[in-house]
Structures are given as C-alpha cells and as structure tokens.
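# Remarks on the overall topology
One-letter residues, chain by chain:
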Amino acid sequence: MTIVKAHEVEGLIRRGLDPRIGVILVYGPDTGMVFDRAKRLAEAFVADPADPFALVKIDGDTLAQDAGRLADEAGTVGLFGGARTIWVRPGSRNYAPAVEAVLGAPLVDTRVVVEAGDLAKTAPLRTLCERSARALALPCYPDDERALAELIDRTLQESGLRIAREAREVLAASLGGDRRASLGEIEKLALYAQGQGQVSLDDVEAVVSDVAGSVLNTLIDAAFAGRTAEVERDYRRFRHEGMDPSVMLGSALRHALTLLSTRLANEGQSAGAMVATWRGLHFKRKPIVETQLARWSPPALRHVLRLLQEAVLACRRSDAELAHAQASGTLLRIATEAARRG
C-alpha cells in the first residue's frame, strides 16, 4: 500500500507512472485539477488520444448499473492493437465494485484512469485504490505558489512560449484555487502572445481578467498594513496608468467592509483564525491580511469606512487633479494610522 501526498503528485506524473499500475484514481475538491491530471494520465498512455478505440470514456453512473462493464472493456483488445486507456468520468453513484473487479483481473496494455470528486478517507473507491498494490490514488488540492508557477511554465511551453519572472509573479497572484479556471486564463494568454517567444508583464495585464484587481490589492493592502512608502509608490503608478481615483477608493472601501465583517463574525478569535474564514483570499495575501486584522478593531474600521465614503463622494465632485490629491491623501492617512497601530 502506497499513500501519495498531494505535493508529490505533479512530480510523479512528470516522471511517469509505473506501467504495472493498472488503475489510477484521481480525486479531490479542485475539480479543474482533477480533470487536468486525469486527462494527462489518460492521454499519455496511448499513441493517439483522438482514437476512440484507444481512449474509451465511460461515465461512473453507467458502471454503477453494470459492475462488470469496466472489466469487460479493460479486457477488450483494441481494433488495431496497441495500448488503451479507459477513462472513467465522475458519477453520483457508487461504482467501487466495478473498479474492484478490474483490480482482480490481469490488465495487458491497458490503463484505467478514474476521475472522481472530493472523497472522504473512508470512501469505498478511495480505500480500495489506496490499499491495492495495482492502483494509485492521487489527491488534488488547490494549487500552492510552486504548483501555480509550474502550471504556468508547462502550459506556456506547450505553446512555445516562455514568461518573464515579473510577469509570472503577477499572473500567479491573479489566479485562484481552481485549476480549470487557471488553465483557461493561461491558455487565453498563450493565444494572445502566440509567436512572440516570451510573455511580458504587459501581455499579462492586457489579457488576464483578474490581474487589474489583484495588482490594485497591493495598494490597498499596503494602506491597511501601514506601509506608507508603498502606498505612495503604488498610487503614483496607478495614476500614471490612468486609473480613476474613485475606483481605487472604491476598492479600499470594499476591503474595509470585508475586514469589518470578518472581525465581527469571528470576535474573540486570533487574526490567523479569522483569515482562514476569508473566502476567495489568495494564499499570497494571507500574511498581510492577517496583519491588518490584528491591527484594526471594529470601531476603527467603522471610522475608516466613513472616511472612505466621504472621500469617494468628494472625488466624484472634483476635477481630476483635486480628486487624485484627495484619494492619495486618504489612503496615506489610513496607512499612517495603521502604522501607528502596529
């Protein structure tokens, strides 16, 4: 019995799995990652993934109705010979008996890839594959920083592209925890930069949908963490790029509201425990948001909300020059107060 850890999976797939392993279960809460890895494992075993005789797809619910179907399919010799993959797509019913039947039969030039959802430790399908010497169970959990960098490089390399270090960092910060959504953004970027050889920061900012928001987060986080020098630097950059001052203040206002609601909903808990409840927060931002939650009390955040609301209204009533002065002054005032609280 071999238990594979989540951080080991990508390296294991890259190196290639032991051909004696007949059944590979790919499971986890990140459905995009599960699909991506199942697809790579299924297609890598056959000469032509487009050949329906070489790569056969079966729904799990079909196997739940006919437990012998999978063993029959796995024992079938391809029309033109060669290796075959049986790709079992997710189902809502228990089809572990079908997989158990396959594990009990000899497999020649056949790989069974089982794509599943988030399975508990006691789930029949998971325990069956973890305990069998002829199977592997590969867990898939949301990408960490290293996995995102590898995903970016690998996907772009398939299109003949490299990516500049700064562009990779910004792109990784913009991607969330769902592998399928991340792949969609990277593939869109690859299509945009096709033929250039290298993807630049300008390419990333022009194409990836969440980058503007994630880059603006650096300014907002700097303000609420008390980093005045960073606030001055980032504000100058955004102003030079033509961003509306009320947009920047609006982002700060939404962030303050989220900080306040998180504090109120988790009163008495540590900042670390609070940040764990913040849905959709990218892992790279967690340390600085934890700092903010530790520094700002609910009364102080209510005061900041009033300050930001007044500043947004004033910006909308002013010309561009005065609006920028009001917005930058407000964010610096927040940063100064945050630094004092630190």
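The structure displayed is predicted, hence computed values, not measured ones. (Residues numbered from 1 in each chain as written. Predicted model: local features only at pLDDT ≥ 70, side-chain atom pairs only at ≥ 80, totals over all residues. Heavy atoms only, no water.)

## Details of the environment of Ala335
Our working definition: A run of H or I in DSSP becomes a helix once it reaches four residues, and a run of E becomes a strand once it reaches two; helices and strands are each numbered from the N terminus. Note on definitions: a residue-residue contact is assigned when non-hydrogen atoms from the two residues lie within 4.5 Å.
Tracing the backbone shows Ala335 in helix 17 (residues 320-341). For Ala335 and Thr228, which are 107 residues apart along the polypeptide, the C-alpha to C-alpha distance reads 5.4 Å. Excluding residues within four positions of it along the chain, Ala335 makes contact with Ala222, Ala223, Gly226, Arg227, Thr228 and Val231.

## Points about unusual backbone geometry
Positive phi values are uncommon outside glycine, yet Asp109 reaches one of about 55°. Summarising the element assignment, Asp109 is placed in the loop between helix 5 (96-103) and strand 4 (110-115).

## Re the nonpolar core
Applied cut-off: Nonpolar core, defined: a set of buried Ala, Val, Leu, Ile, Met, Phe, Trp, Tyr and Cys residues in which side-chain atoms within 4.5 Å join the residues together. Exposed residues in this analysis have more than 50% of their type's maximum accessible area, buried residues have under 20%, and partly exposed residues fall in between, with area computed by a 1.4 Å probe over protein chains only.
Core analysis: the largest hydrophobic core is formed by 41 residues, its most contacted members being Leu219, Phe224 and Leu308. Sort the elements by how many residues they give to this core and helix 16 (residues 298-316) lands first, with nine residues. What Phe224 contacts, discounting residues up to four positions off in sequence, is Ala252, His255, Ala256, Leu259, Gln292, Trp296, Leu301, Val304, Leu308, Ile334 and Ala338. Counting 26 residues, the second largest nonpolar core, distinct from the first, contains Tyr27, Leu63, Ala74 and Ala116.

## Examining the layout of surface pockets
One way to see where empty space is left: roll a probe the size of a water molecule over the atoms. As a reminder of what qualifies: Cavities and pockets are defined on a 1 Å grid built over the protein atoms alone: a cavity is a set of grid points where a 1.4 Å probe fits but cannot escape, while a pocket is an open set with protein on both sides within 12 Å along at least five of seven lines, and lining residues are those with an atom within 4 Å of any such point. Grid points are joined across faces, edges and corners, and a volume is the space filled by probe spheres set on the points. Just so you know the grouping, Ala, Val, Leu, Ile, Met, Phe, Trp, Tyr, Cys and Pro go in nonpolar, Asp, Glu, Lys and Arg go in charged, and all remaining residues, Gly too, go in polar.
In this structure, the second largest pocket spans a volume of roughly 360 Å³. In terms of lining residues, the second largest pocket is bounded by 17 residues, among which Ala6, His7, Glu10, Asp144 and Ala147 are the most central. Elements with a minimum of two residues in the lining of the second largest pocket: helix 1 (9-15), helix 2 (31-44) and helix 7 (145-157). For the lining of the second largest pocket, the element with the highest residue contribution is helix 7, accounting for five residues. The class makeup of the residues in the lining of the second largest pocket is six nonpolar, two polar and nine charged.

## A closer look at the pattern of salt bridges
Put simply, the rule reads: One side-chain nitrogen of Lys or Arg within 4 Å of one carboxyl oxygen of Asp or Glu is enough to make a salt bridge.
In total, this model carries 20 salt bridges according to the counting rule given. Notably, a salt bridge pairs Arg14 with Glu150, separated by 3.5 Å at the nearest N-O pair. Of this pair, Arg14 sits in helix 1 while Glu150 sits in helix 7, and the two are 136 residues apart along the sequence. Look at Glu150 and you get partly exposed, because its relative accessible area is 25%. Across the pair Arg285 and Asp221 runs a salt bridge whose closest N-O atoms are separated by 2.9 Å. Highlighted residues: Arg285 in the loop between helix 14 (271-275) and helix 15 (286-295) and Asp221 in helix 11 (residues 211-225), separated in sequence by 64 residues. Judged on exposure class, the residue Arg285 and its partner Asp221 are both buried.

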